[in-house]
Amino acid sequence: WVHSAATLFDSLDTLYLAGDSGNGNDLHEKYNDAVEYALSLPFSLHPMKTFEYSIRILGGLLGAYSVSGDERLLQYSIRVADALLDGP
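Visitor: Please explain the nonpolar core as it appears in this structure.
Guide: Generally speaking, a soluble globular protein has its nonpolar side chains buried in company with each other. Among the nonpolar cores identified, the biggest contains 19 residues, and Phe9, Leu12, Ile57, Leu61, Leu73 and Val80 are the most heavily contacted of them. Secondary structure elements with two or more residues in this core: helix 1 (6–10), helix 2 (12–19), helix 3 (28–40), helix 4 (50–68) and helix 5 (71–86).

And the structure:
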């Protein structure tokens, strides 16, 4: 479970919003790096963690897409949702 990087996916929307706060932090570059890394990870579904995958990985991707509008996140979330529906 630890190897699925759930915390990374879970925190993408927060990182985006923190970078957009206007307080001089240039977190947008870090956000883009995090997205690139997250999207490069292979997605493998663990049969006992479907709920966790749906709320942390899929939810994190859709949350980040909702605040950023980044189409890459939407496309990856579709892949994740299809994998969840297909099952392990």
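Visitor: I tried to follow the pattern of salt bridges on my own but got confused; where do I start?
Guide: Opposite charge on two side chains permits pairing when their charged atoms draw close. Applying the stated criterion across every chain yields a total of 3 salt bridges. Linking Asp10 and Arg56 is a salt bridge whose minimum nitrogen-to-oxygen distance equals 3.1 Å. One end of the pair, Asp10, is in helix 1; the other, Arg56, is in helix 4, and 46 residues separate them in sequence. For the salt bridge of Glu36 with Arg72, the shortest nitrogen-to-oxygen distance reads 2.3 Å. Within this pair, whereas Glu36 is found in helix 3, its partner Arg72 is found in helix 5, the two being separated by 36 residues in sequence. Classification of Glu36 by relative accessible area gives partly exposed; the value is 47%.

Visitor: I tried to follow the packing of aromatic side chains on my own but got confused; where do I start?
Guide: Pairs of aromatic rings are described using the distance from one ring centre to the other and the angle between the two planes. Evaluated as defined, the whole model comprises 2 aromatic pairs. Measuring from centroid to centroid gives 6.1 Å for Phe9 and Tyr76, while their planes differ by 10°, and the two rings are stacked. Placement of Phe9 in helix 1 and of Tyr76 in helix 5 is noted, with a sequence separation of 67 residues between them. Just as Phe9 is buried, Tyr76 falls in that class too. Measuring from ring centre to ring centre gives 5.1 Å for Tyr16 and Tyr31, while their planes differ by 70°; the resulting arrangement is edge-to-face. Of this pair, Tyr16 sits in helix 2 while Tyr31 sits in helix 3; the two residues are 15 residues apart in sequence, bridging distant segments of the chain. Both residues of the pair, Tyr16 and Tyr31, belong to the buried class.

Rules used throughout
Residues numbered from 1 in each chain as written. Predicted model: local features only at pLDDT ≥ 70, side-chain atom pairs only at ≥ 80, totals over all residues. Heavy atoms only, no water. Core = buried A, V, L, I, M, F, W, Y, C linked by side-chain atoms within 4.5 Å. Buried < 20%, exposed > 50% of the residue type's maximum accessible area, 1.4 Å probe, protein only. Helix = DSSP H or I, 4+ residues; strand = E, 2+ residues; numbered from the N terminus. Salt bridge = Lys/Arg side-chain N within 4 Å of Asp/Glu carboxyl O. Phe/Tyr/Trp six-rings, centres within 6.5 Å; stacked < 30°, edge-to-face > 60°.

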